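Coordinate inspection notes
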Amino acid sequence: MSAILIPILAIAGLGLIFGLGLAFASKKFEVKVDPKISEVREVLPGANCGACGYTGCDAYAEAVAAGDAAITLCPVGGEDVINSMAEVMGIEAKAVEKMVARVNCKGSWENVKIKFDYDGIIDCESAATLYGGPSACAYGCVGMGTCVKACNFGALVLENGLAKVIDEKCSACGKCIEACPKRIIELVPAKSQYTVLCSNLEKGGEAKKKCEVACIGCGKCMKECPFEAITVKNFCAKIDYEKCKNCGKCLKVCPTNAIHKFVPHK
Amino acid sequence: MFGRMFKGGVAVPHRKNTANCETIGMDIPTKIVIPMVQHIGAPCQPTVKKGDTVKVGQVIGDSDAFVSAPIHSSVSGTVTNVGPMLAANGSHVVSVEIETDGKQEVHESVVPPEINNLQEFVSAIRKSGLVGLGGAGFPTHIKMLPPKGKKIDMLVINAAECEPYITADYRECIENSWSIISGINIVVEHMGIEQVVIGVEDNKPEAIEVLAKIADKNDKISIKKLKSLYPQGAEKMLIYATTGRKVPPGKLPSDVGCVVMNITSVSFVADYIKTGMPLIKKRITVDGSVVFNPSNVEVLIGTPLEEVFNRCGGFKKPPYKIIMGGPMMGVAQYSLQTSVIKNTNALLAFDKVEGDLPSESACIRCGKCVEVCPMDLLPLEINRAVVGKSVEGLNKFKVMDCIECGSCSFVCPAKRHLVQSFRLGKGIVRKQAAKK
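Residues numbered from 1 in each chain as written. Chains lettered and ligands numbered in written order. Predicted model: local features only at pLDDT ≥ 70, side-chain atom pairs only at ≥ 80, totals over all residues. Heavy atoms only, no water.

To continue, consider the domain arrangement of chain B. Residues and elements named next belong to chain B. Here chain B is partitioned into domain 1 (118-275) and domain 2 (368-435). A separation of 29 Å is found between the C-alpha centroids of domain 1 and domain 2. Together domain 1 and domain 2 conceal approximately 450 Å² of surface at their shared face, both sides included; 73% is due to carbon and sulfur atoms. Counting the surface domain 1 buries against domain 2, the share from its top three residues, Tyr230, Pro231 and Met237, is 69%. At the boundary of domain 1 and domain 2, one finds zero salt bridges. Along the contact surface separating domain 1 from domain 2 lie one residue pair in polar contact (both at pLDDT 80 or more). The residue makeup of the side of domain 1 that touches domain 2, split by class, is five nonpolar, no polar and one charged. (Domains from an automatic or database assignment. Buried area = accessible area lost by both parts, 1.4 Å probe. Salt bridge = Lys/Arg side-chain N within 4 Å of Asp/Glu carboxyl O. Polar contact = N/O pair within 3.5 Å; in protein donor to acceptor, adjacent residues only side chain to side chain. Nonpolar A, V, L, I, M, F, W, Y, C, P; charged D, E, K, R; others polar.)

Following this line, the structure appears as structure tokens:
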């Protein structure tokens, strides 16, 4: 009996001594931390994506708590996070528009012509250095999924050689925009339903030769739009999302189906 | 037997099938496209417009920049289009399309240049449009004018031709040896060079014999027989093997008192000084498993690739991969409508057996790539940094020092796409540098 009692007592005794030592040390060498930092950090999503411009959620929380950063910088958390942060910081929250990323290209395999079989590294940046990539259109999606890999939220998928954004998952951090060698991904207000999904700046005929659904710059949508929200520059139409009222008239007149309707999610 | 050797390198199969094929000419194509980017440096601006008539040797593109070389028309005819067109480097560049009239009338500006001093010599070389014909395409006149305070005492003539298949420079040695010697003499005289060394790989005994005769007549010139090891013809490797001087990373040959010229380039210098005809044609090796008659063809610059292949009897079967340049460093082409440019030295067409790129497997860290890297890099570590997109790692393992010779990819038992990934890595580093 005593054979087992001695080690138990010894361990317990040691535990007590170390415990007291640690308790003393934690009081003696305590570092004062602003409790707000941990509170702000609590409400942040913890994705560490860096979209706020800081090295991660911790760094951003510190900056917010110190009053160095605005509370609106986290695109991932959206309104909820801003409101909670405003509560923690005791300041008033201003509404921020929810954004989503959109890939301005519709050139999936069935739509765009393929120049050659590519058998190099599966990476858009690498493929784009060789004749701009295997797709005939030098402006469109390369389709090797570099943006898909860059996304921390699984909000991008490759479908038939074309990257697509899943709006529900997109947190508008902008990582994909950085990753795309063709720079065809942009952030748009989530409420906007209509987007010209083409980035080709060639003349209409040339663009159409390469891709079935290219914007040919005909300007029909521009004329049709009652809000003057559409401009055609370099044979490619562009919608000004601040002016767009989601009437959908542009979609009806587009001869090549380059304009796409996105169904807003709740 | 061979004296100094650079570290690393790989013994690639030679495949010099066309070594005994005398250069053949070809008919004037009906249409040629001359891109305005044919060299390293500033692109040229077209000096002709649609509808103009041009003659052989007329300047059709030039630039004010120092690091640039003018571009001349290789045919006589009418300009039918000026604008962005697909070029062999993989992008759309401004090009001049000329419909030929077949007369090949020579432009009045083509007269032998008058040269009295180094300055005039350098400007004559610039006017000739000469760029490094070995493949890199660096404007030659820049090498002729060493930076202040640097003395160039050694001219290294590059006749190594270490890439498999290519025999264009070899044929130059055999067919144009007199031009080579007079070219060397001209450069030596104007630049005040004390010593000339010609580097040739030992798999070209005939060329060595011919060049030895040249060297005998002039005690400034010596011949250095080099072991056939890829990349023996890379500038820094060649300088070390022929002179024992080491060019530090990020430095130029002029920093160790050397100037390196391709053997076809020196030979062209002699021809230009004699006739005044600028660089408008080029000898190209056409080879590969699906080419009907592998040959050496003298091609006008701007000739579409299709016509060059047709001159060699076309294809035995549809090619799977077409490469402009050597198989180690060349660029795959997807269209036969792109044109031959100044630094094209080979066109290769392969079937699927030879042309297929093997799929990658995991790195087993055997270190073979480290053994063969002539630049003393660690290819496996760079590859890891590229996969992880780590700029820190790329800089640490000095991806920018890579000369993209492809030796590591050649030996890798896991068939990793090493050199391709380094190109990607260089892009990442450049992008990061541009951000700052």
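From this point, the narrative continues.
For the rest of this paragraph, the subject is the packing of helix H3 (residues 168-175) of chain B against helix H5 (residues 205-217) of chain B. All names here are of chain B. Look at H3 against H5: their axes get within 9 Å of each other, and the N-to-C directions meet at 40°. Comparing the axis directions of H3 and H5 gives the class oblique. As H3 runs across H5, the sense of the crossing is left-handed. Together, Tyr170, Cys173 and Ile174 of H3 and Glu206, Ala207, Val210 and Leu211 of H5 make up the contact between the two elements. (Axes fitted to C-alpha atoms, helices over the stretch in contact; angles between N-to-C directions. Helix = DSSP H or I, 4+ residues; strand = E, 2+ residues; numbered from the N terminus. Parallel < 35°, antiparallel > 145°, perpendicular 65-115°, else oblique. Left-handed = near helix turned anticlockwise from the far one by under 90°. Contact = heavy atoms within 4.5 Å.)

For the rest of this paragraph, the subject is the interface of chain A and chain B. The interface of chain A with chain B comprises 14 residues on the first partner and 19 residues on the second. For the pair chain A and chain B, the two sides together bury roughly 1400 Å², of which 55% comes from carbon and sulfur. The largest share of the area that chain A buries against chain B comes from Asp119, Ile121 and Tyr131 of chain A, three residues that together contribute 47% of it. Between the two partners, chain A and chain B, sit three salt bridges.

Moving on: unusual backbone geometry. Of note, the amide linkage connecting Tyr230 of chain B to Pro231 of chain B takes the cis form, showing an omega dihedral of -5°. As for its position among the elements, Pro231 of chain B is in the loop between strand E10 (221-226) and helix H6 (235-243). Phi is positive for Asn234 of chain A, close to 50°, though the residue is something other than glycine. Within the fold, Asn234 of chain A resides in the loop between strand E6 (230-233) and strand E7 (236-239).

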